[in-house]
Every structure is written in C-alpha cells, then in structure tokens.
Amino acid sequence: MNSGQKAALERLCPRVQWQVSMANLSSFRVGGQIEALVETEDSAELPLLLRWLAEEKIAWWVLGGGSNILFTSGMHEGVFLRLKGSQKNIRLREQDSPDVDGQYLVDVQAGVKLGHLLAWCARHNLSGLEYMAGIPGTVGGAVAMNAGAFGGCMGDRLRAVRCLNAQGEATELSASSLVFEYRQSVFPPEYQSGILITGATLALQRDREEVIRERMRGVIAQRRAKQPMGMPSAGSFFKNPPGDYAGRLIEQAGLKGYSHGQAMVSTKHGNIIVNRGGASPEEILALMHLVQERVHQLCGVMLEPEVRLFC
Ligand SMILES: Cc1cc2nc3c(=O)[nH]c(=O)nc-3n(C[C@H](O)[C@H](O)[C@H](O)COP(=O)(O)OP(=O)(O)OC[C@H]3O[C@@H](n4cnc5c(N)ncnc54)[C@H](O)[C@@H]3O)c2cc1C
C-alpha cells in the first residue's frame, strides 16, 4: 500500500494494526509479518472496507483463529481481516418450536470461537455439533474449511451462510447452494474472487445438557489419546487420501518422530507436524516436502496439505 492508501485505511478503520507478526495469530506459533490487520466484532463496517479495497485493488484475506494456516517468513502485503465474537453473538431463533424438520435454528456470527459455540449449545440443550469438540478456531474458519471429525463435518449442520463478496455486497446463501467437500466448502463461482463469511445458521436438535456434555467429553478423550497435546501445530497437516489415512502412510514411511530443525512429525500421530519450539515456517515447509516425497516414493500417493499455505 502506498502512503495515501495507508492514511485512507486508517480513516476507514482507526484500529488498523501495521506489520503484525503472524507468530501471535497462528496455532503453529510461526510466521512472518502481515502488512495490515483489521480486527472487528462488527461486520457492519466491512462492506464499506471491502468496496474500498476493491476500488484500490488492494489484496485482502480473511483470518479466523489461525489454527489451519502457515505463513512463510517475510512481509505479506495486503489487508488481513479477522472477525472476533463472543457468546452474545449466538441466537436461538425460536425458543420452543422447532422448524418443520424438528430442528432448532441457531444464528451465529463467524468470529465466535467454535469452543464457545459448543459450550453455548450444551447450556441451551442443543445437540448436533458434539463431534466438533476440541477443534480450535472460529465458526467462519470451520465453515470455510468444512471442518469435521469422527465422520461428521460442519456442512452436515449448516442451513445457511451469510457472507460478503469481493465488492462488499452482503448475501445469505442457503447451504444447498454450497458444495461441502472434504476440508473445503465450495461457494458459487461469483464468490471465487473473494469471500468473507460473516455468519451461519445451524440446525440442531434438543437433548439434555448432561448427555451433550458427556458426548463432548468422550470426543475430547479420544482426541487426547491420539493427538499430541500442548505442542504448537495446525492439527492434521495433510488431507487423507481417498480410502486411506495420511497418518498411516507417514508412519509406514518411517517418519513418525522425524525432525527437520525444530519442526517434527509428532511421535504420537504421523499426520501432525509440531513446532518443538522456535521452528521457522521454512523448516515446517521443508519437512512437509520431505514427507510428501518419501510417501510418494514408497506408496505412490502424493499427499496434499490440508493446512492453508500463505507463501
Ligand atoms: C490441535 C488442532 C486440532 C485440529 N483438529 C481438527 C479436526 O479434528 N478437524 C478439522 O477439520 N480441523 C482440525 N484442525 C484444523 C482447524 O482447527 C480447522 O480447520 C478450523 O476450522 C480452522 O478455523 P480457523 O478459524 O482457525 O481458520 P484459520 O486457520 O484462521 O483459516 C483457515 C482458512 O479459512 C479461511 N477463513 C477463516 N475464517 C473465514 C471467514 N470468516 N470467511 C472466509 N474465510 C475464512 C481462511 O482464509 C483460511 O483459508 C485442528 C487444528 C489444531 C491446531
């Protein structure tokens, strides 16, 4: 951005932050700097901002909780938008009457943390998202990634998504106009040039709070048993290839516990790369390439990263 554009952005978003380290904004705890960060809880100020960015031809990206991203070192130019939210940004539409399918509709803003949504659902006796327990990040990120676990995914519960296109125009899309692929929600073609998810409507069922909490505890216990806890990572690094598991192939290639610098394939789970402390993004990427090469040589499968790379 030139100095005139920077001044204009400061007028539009007085809280804009300049040259922010991604190490503080990603679960890997690594990454270069981003040129400008705009954080907001109020998506009403975003249409104007997106219109201005389009007019000025300034590149922009959306960040959620940063739990599935890897930024390389150096400066990443453009404006990064980060939605925030809390449980006050969750609303049950009809307290007592379900819709025609017996589902209760919940509106939630994209910046709400998934964990906060799940806790809210349990408190309000609403079931259907328990399999998501333990997935970090925001609702917006979970919708964009079609996050999921234990055979379920975000798309299973979505009724509608509210979003802004690259010109800042707001729309509500019904879930049927999206395609929920494995770890990716595909939006209609007119959104390919940029999309900012601002909220979602989820369809949930009634159940008792203790039962919901018990199911969530079960899911979290299974995660704890299989995944490294307390070490920075982005969860599963690679997508599972059709009919197989990336973790199984990586383990078969003898790479569990293999390290490159401070980046290491977890000793507990082959598909999780951890930052042992002070890893650089380049060490993580080099380890990613090494894993891809070895698995390809041995099994003929080219693993595709699930983590979104900003290079
Ligand atoms: C310990 C750990 C465990 C994990 N377990 C799982 C798991 O079981 N299942 C699973 O699916 N994932 C898992 N993940 C990965 C990650 O948590 C999910 O993909 C999560 O949904 C990402 O959400 P986020 O808000 O952090 O998004 P980010 O990582 O910030 O962003 C991911 C992508 O979504 C886009 N995005 C984010 N918000 C928006 C928005 N509002 N509008 C448009 N685009 C947006 C970003 O541009 C980016 O392309 C795990 C990660 C960790 C660290």
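Refer to the structure above for everything that follows.
Below is a short write-up of the structure. All residue numbers refer to position in the chain's written sequence, counted from 1. Thresholds applied to this predicted model are a pLDDT of at least 70 for local features of residues and 80 or more for the giving and counting of side-chain atom pairs; totals over whole chains, interfaces and linings are not thresholded and use all residues.

Let's talk about helix H2 (residues 46-55)
Note that an α-helix has 3.6 residues per turn; residues three or four places apart therefore point the same way.
Logical step 1: Exposure is read from a count of other C-beta atoms within 10 Å of each residue's own; the residue is exposed at 12 or fewer, buried at 20 or more and partly exposed in between. C-beta atoms are placed from the backbone. In DSSP terms, a helix is any run of H or I states spanning at least four residues, a strand is any run of E spanning at least two, and both are numbered starting from the N terminus. By the burial criterion, the buried members of H2 are Leu46, Leu49, Leu50 and Leu53. Each buried residue of H2 sits inside an arc of 95° when the element is viewed along its axis, so together they form one side. Those residues of H2 that are exposed and angled more than 90 degrees off the buried face are Leu48 and Glu55.
Logical step 2: Here, residues touch in the contact sense if the C-beta positions derived from the backbone fall within 7 Å of one another. Residues of H2 that are buried make contact with helix H1 (3-12), strand E2 (33-40), strand E3 (60-63), strand E5 (75-83), strand E11 (158-165) and strand E15 (195-206).
Logical step 3: In the stretch just after H2, Lys57 is the one whose phi turns positive, near 55°. Note that the arc is computed from the directions linking the helix axis to the C-beta atoms.

Looking at the site of the ligand
Logical step 1: In this analysis a residue is considered near a molecule or strand if the C-beta atom, reconstructed from its backbone, is found within 6 Å of that molecule or strand. In the region of the ligand, 32 residues are neighbours, and Gly64, Gly137, Gly140, Gly141 and Gly235 sit closest.
Logical step 2: Of all the secondary-structure elements, those providing two or more residues to the shell around the ligand are E3, helix H4 (139-145), strand E9 (148-149), E15 and strand E16 (233-236).
Logical step 3: Of all the elements, H4 adds the most residues to the shell around the ligand, at five residues.
Logical step 4: For the shell around the ligand, a count of residues per class yields 17 nonpolar, 13 polar and two charged. Ten residues, namely Ala, Val, Leu, Ile, Met, Phe, Trp, Tyr, Cys and Pro, are considered nonpolar, four, namely Asp, Glu, Lys and Arg, are considered charged, and the remaining ones, Gly among them, are considered polar.

Brief notes about the sheet that holds strand E19 (residues 272-275)
Logical step 1: Here a strand pair is declared whenever DSSP counts at least two bridges between the two strands. If you trace the four strands from one edge of the open sheet to the other, you get E16-E19-E18-E17, paired in antiparallel fashion. The strands lining the two open edges of the sheet, one partner per strand, are E16 and strand E17 (259-260).
Logical step 2: Across three bridges, the pairing between strand E18 (residues 263-265) and E19 is antiparallel. If you follow Val265 over to E19, its bridge partner there is Ile273.
Logical step 3: Axes, fitted as lines to C-alpha atoms, cover a helix only where it is in contact. Angles between the N-to-C directions of the axes lie from 0 to 180 degrees. The strands touched by helix H7 (residues 281-299) are E17, E18 and E19; relative to E18, the strand with the most contacts, the crossing angle is about 30°.

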